Amino acid sequence: MLYQIYETQRSLMEPFAELALAASRMFTNPVLPFSHAPGANRMAAGYNLLHRLAKDYEKPRFEIESVDVDGAEVTIHERVEINKPFCELRRFKRYADDTETLEKLLRNPVVLIVAPLSGHYATLLRDTVRTMLKDHKVYITDWKNARNVPLSEGGFNLNDYVNYVQEFIRYLQKENGECHVVSVCQPTVPVLAAVSLMASRGEQTPATMTMMGGPVDASKSPTAVNDLAVQRSIEWFENNVIYRVPSGYPGEGRRVYPGFLQFAGFVAMNPNRHATSYYDYFKDLIRGDGESTEAHRKFYDEYNAVLDMDAEYYLDTIETVFQEFKLVNGTWDVKGVDGQIERVRPQDITKTAVLAIEGELDDIAGLGQTQASLSMCSGVPDSEKLYYEVKGAGHYGIFSGRRWREMAYPVLRDFILRHHSGIVTAKRRKASQPHLDDLAKRAELYEQLQLGQEASIVEPAPAVAEVAPAEPVKAAPKARTAARKTAAKPASRSGSTRKTASKAAATEAPAPTEKAAPASAPAAKAVTGTAPAKAAEKATSPATTAEAAPKAETAAAAAVAPAAAISKEAPQADAGKSAEVPPQQAADSAIAVQADASTSKPMTTWRLPGSAAEEQTTDQAMADSQQS
């Protein structure tokens, strides 16, 4: 019944709120005579204040359109990656035009920010997201208002919350190789449970897990929020704060904990502070202090926008976190999406570094409540744990405002960077392919991407040739480039490709025939790695050699450079036999020769583990490289 009364009151006040706004503008518009009347500024300020107190506050937007990354402006595109009945996984995708900025964005860690589901929208973390976008690829959980979720979607409880977090972590790890999780306030408990369950199953866990101002152990330093939860029984909460969504909303009939009750609880914790803030806003309007009034509007547009929570989830949180302390006592069982019940064991976490951040003046999650997560994760080495207390910061100061940006964020950024392995998935490698093809940048990028054993570069196969003891041939740079491009093609097209390369080499930079090896010696041939046996047979066959000799004389100049480099490392073979070169030695020699060719830009392809080498077109890779 209370929800219906509140909706009726809100509907009646809405037109008066709009009239108050119109009256305020009448007394501030210089064209109208009302603005020149005595006390006009006070009348305008009073009506404006009435409008702010009576209006209905809808869900705000993030409004993050661009961020500055080391002096370069990066455009932000907001999009939904996963859409669940009660939550959206929202991504802030970054775009840039210049190559240097793209390289920085490519190497940035992937961070999942788990926003609190405690009455406010995820936009409360706008400052958190904007700050982290400078150095990270950011995703956030954007929780939906339960009154807008139809009953046909079913219920939502704390188990579903934990399962949502696990699904999001798996998705990000699949797309990016690894991820880092940052939980702010309420989600510290379900996030710790989600990572614990993944560790118990032997799944890959996030590289780092950051807890910020959350009630991991609500029994320590209890606040007014903790006292209220302990003093009342779970039946009292169910009978006094749970109501059904009234008609007019998609979730009509759903049992919820209304957002306006949560908002009233927030204000009741610090009534004098909020009253002073609104009075200061009134005085700033009279003085014409636009900067202060705008700051007030931005904060309370966010603070006054609240959402309803599903009743089952709210009651589960009260009982599990604040009354029975199930996480701390080791008695919390979570039901998975498959219906199986599993015990939450934080001690099973061994490969995830843990950071706990608390505010010195936090009046919602007292000191020590978040720090308890470090001792609970006993399987994590002490060297992988870190605790930081933000001096002079309250609850909101640890994730928003000056203290967040200047004190808490540098610690969080460095902690994530220290545990960032630099894994780059196939999708991100494909985007970086055009840059890796540039020899001037390949060495640096290859080291920065830290590809390790996850992928290997498929270099052009080393040429195996018979070289007579004659004067070395000085091949032109263009001819050497053509030969390498020819050698990089697949074996199925090696014959026609060699002919084309030979003609191109003869046209662009014909080699002096008088300095080449005698025609009687077998011509040098590039042998691709896909069919070395067949190519070797052709090289030793007299008929094949006789036919290829006239055309191979021009191609010999293009192939003799890498062949000569290999010949220095391996002994020459007998006449009529191909020189056998160890694969590792041939690969090292080919890389050394390519490094000398400063003017060449050979095509490089990627070979993924367990799959054959596939050609990746440069045009598609260049298009993908425009995205972070």
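Since the structure is predicted, the reported quantities are computational estimates derived from the model, not experimental observations.

Quick word on the overall build of the protein
When its secondary structure is counted, the protein shows 23 helices and 16 strands. Scored against the burial criterion, the 628 residues of the protein give a buried share of 48%. For the protein, the proportion of contacts with a sequence separation of at least 24, taken over those separated by at least 6, is 76%. When the accessible surface of the protein is totalled, it reaches about 30,100 Å², and 53% of it is carbon and sulfur.

Regarding the sheet that holds strand S3 (residues 87-95)
Read across the open sheet, the 9 strands follow the order S1-S2-S3-S5-S4-S6-S7-S13-S14; overall the sheet is mixed. Two strands in the sheet have a free side with no partner beyond their single neighbour: strand S1 (66-69) and strand S14 (385-390). Mean inter-strand twist for the sheet, computed between neighbouring axes without regard to direction, equals 25°. Summarising the sheet, S3 and strand S5 (residues 137-143) pair through 6 bridges and their orientation is antiparallel. When the sheet's bridge partners are listed, Glu 88 is paired in S5 with Asp 142. Seen against the sheet, helix H15 (residues 402-418) touches strand S4 (110-114), strand S6 (180-184), strand S7 (208-212), strand S13 (353-359) and S14 and runs at an angle of roughly 175° to S14.

Thoughts on a nonpolar patch on the surface
A surface patch of nonpolar side chains, about 350 Å² in accessible area, is lined by Met 26, Val 31, Leu 32 and Phe 34. Mapped onto the fold, Val 31 is located in the loop between helix H1 (2-26) and helix H2 (40-54).

A few points about the packing of H2 against helix H10 (residues 271-287)
Packing of H2 against H10 leaves a shortest axis separation of 8 Å and a crossing angle of 145°. The two elements H2 and H10 meet at a crossing, and its hand is right-handed. Residues Asn 41, Arg 42, Ala 45, Gly 46, Asn 48, Leu 49, Arg 52 and Leu 53 of H2 pack against Tyr 278, Tyr 281, Phe 282, Leu 285 and Ile 286 of H10. Here the residues of the contact of H2 with H10 sort into 8 nonpolar, 3 polar and 2 charged.

A word on the pairing of S13
Burial of S13 is extensive: 7 of the 7 residues sit out of reach of the surface. Examined bridge by bridge, S7 and S13 share 5 bridges and lie parallel to one another. Note that in S13 the partner of Thr 208 across the bridge is Ala 353. In this structure, S13 lies alongside S14, joined through 6 bridges in parallel fashion. Counted as the bridge partner of Leu 355 is Leu 386 from S14.

Quick look at the nonpolar core
Counting 64 residues, the largest nonpolar core has Tyr 161, Leu 192, Met 209, Tyr 314 and Trp 332 as its most contacted members. A per-element tally of this core places helix H6 (residues 188-200) first, with 9 residues. Apart from residues no more than four positions distant in its own chain, Leu 192 is found in contact with Met 209, Met 211, Val 216, Leu 327, Pro 346, Ile 349, Ser 373, Met 376 and Cys 377. Counting residues in hydrophobic clusters, the runner-up holds 39 residues, among them Val 111, Val 182, Met 212 and Ala 393.

What about the environment of Tyr 314?
Position of Tyr 314 relative to the elements: it lies in helix H12 (residues 311-323). Once the C-alpha coordinates of Tyr 314 and Ile 242 are considered, the two residues, 72 residues apart in sequence, prove to be 9.2 Å apart.

Examining the environment of Glu 153
Note that Glu 153 resides in the loop between S5 and helix H5 (158-176). Residue classification places Glu 153 among the partly exposed positions, given a relative accessible area of 43%.

With respect to the packing of aromatic side chains
Inspection of the entire model under this criterion finds 26 aromatic pairs. Relative to Tyr 313, the ring of Phe 156 lies with its centre 5.8 Å away and its plane at 45°, an arrangement referred to as tilted. On the criterion of sequence distance, the pair formed by Phe 156 in the loop between S5 and H5 and Tyr 313 in helix H12 is long-range, its members being 157 residues apart. Assessed through its relative accessible area of 2%, Phe 156 is described here as buried. Residue Tyr 313 is classed as buried on the basis of its relative accessible area, which comes to 1%. Aromatic pair Phe 266 and Tyr 303: ring centres 6.3 Å apart, planes at 50°, arrangement tilted. Placement of the pair is Phe 266 in helix H9 (residues 259-269) and Tyr 303 in helix H11 (residues 290-303), with a sequence separation of 37 residues. Overall, Phe 266 belongs to the buried group, its relative accessible area being 12%. By relative accessible area, which is 4% here, Tyr 303 ends up buried. By the ring-pair criterion, three or more aromatic residues cluster together here, those being Phe 263, Phe 266, Tyr 278, Phe 299, Tyr 300, Tyr 303, Tyr 396 and Phe 399. Directly above the ring of Trp 236 sits Arg 232, whose terminal nitrogen or CZ lies 4.7 Å from the centroid.

About the criteria used
Residues numbered from 1 in each chain as written. Predicted model: local features only at pLDDT ≥ 70, side-chain atom pairs only at ≥ 80, totals over all residues. Heavy atoms only, no water. Helix = DSSP H or I, 4+ residues; strand = E, 2+ residues; numbered from the N terminus. Buried < 20%, exposed > 50% of the residue type's maximum accessible area, 1.4 Å probe, protein only. Contact = heavy atoms within 4.5 Å. Areas by Shrake-Rupley, 256 points an atom, 1.4 Å probe, with all protein chains shown as cover. Pairing = 2+ DSSP bridges. Axes fitted to C-alpha atoms, helices over the stretch in contact; angles between N-to-C directions. Patch = residues over 30% accessible without salt bridge, like charges linked within 9 Å, V, L, I, M, F, W, Y side chains within 5 Å. Salt bridge = Lys/Arg side-chain N within 4 Å of Asp/Glu carboxyl O. Left-handed = near helix turned anticlockwise from the far one by under 90°. Nonpolar A, V, L, I, M, F, W, Y, C, P; charged D, E, K, R; others polar. Core = buried A, V, L, I, M, F, W, Y, C linked by side-chain atoms within 4.5 Å. Phe/Tyr/Trp six-rings, centres within 6.5 Å; stacked < 30°, edge-to-face > 60°. Lys NZ or Arg CZ within 6 Å of the ring centre and 35° of its normal.

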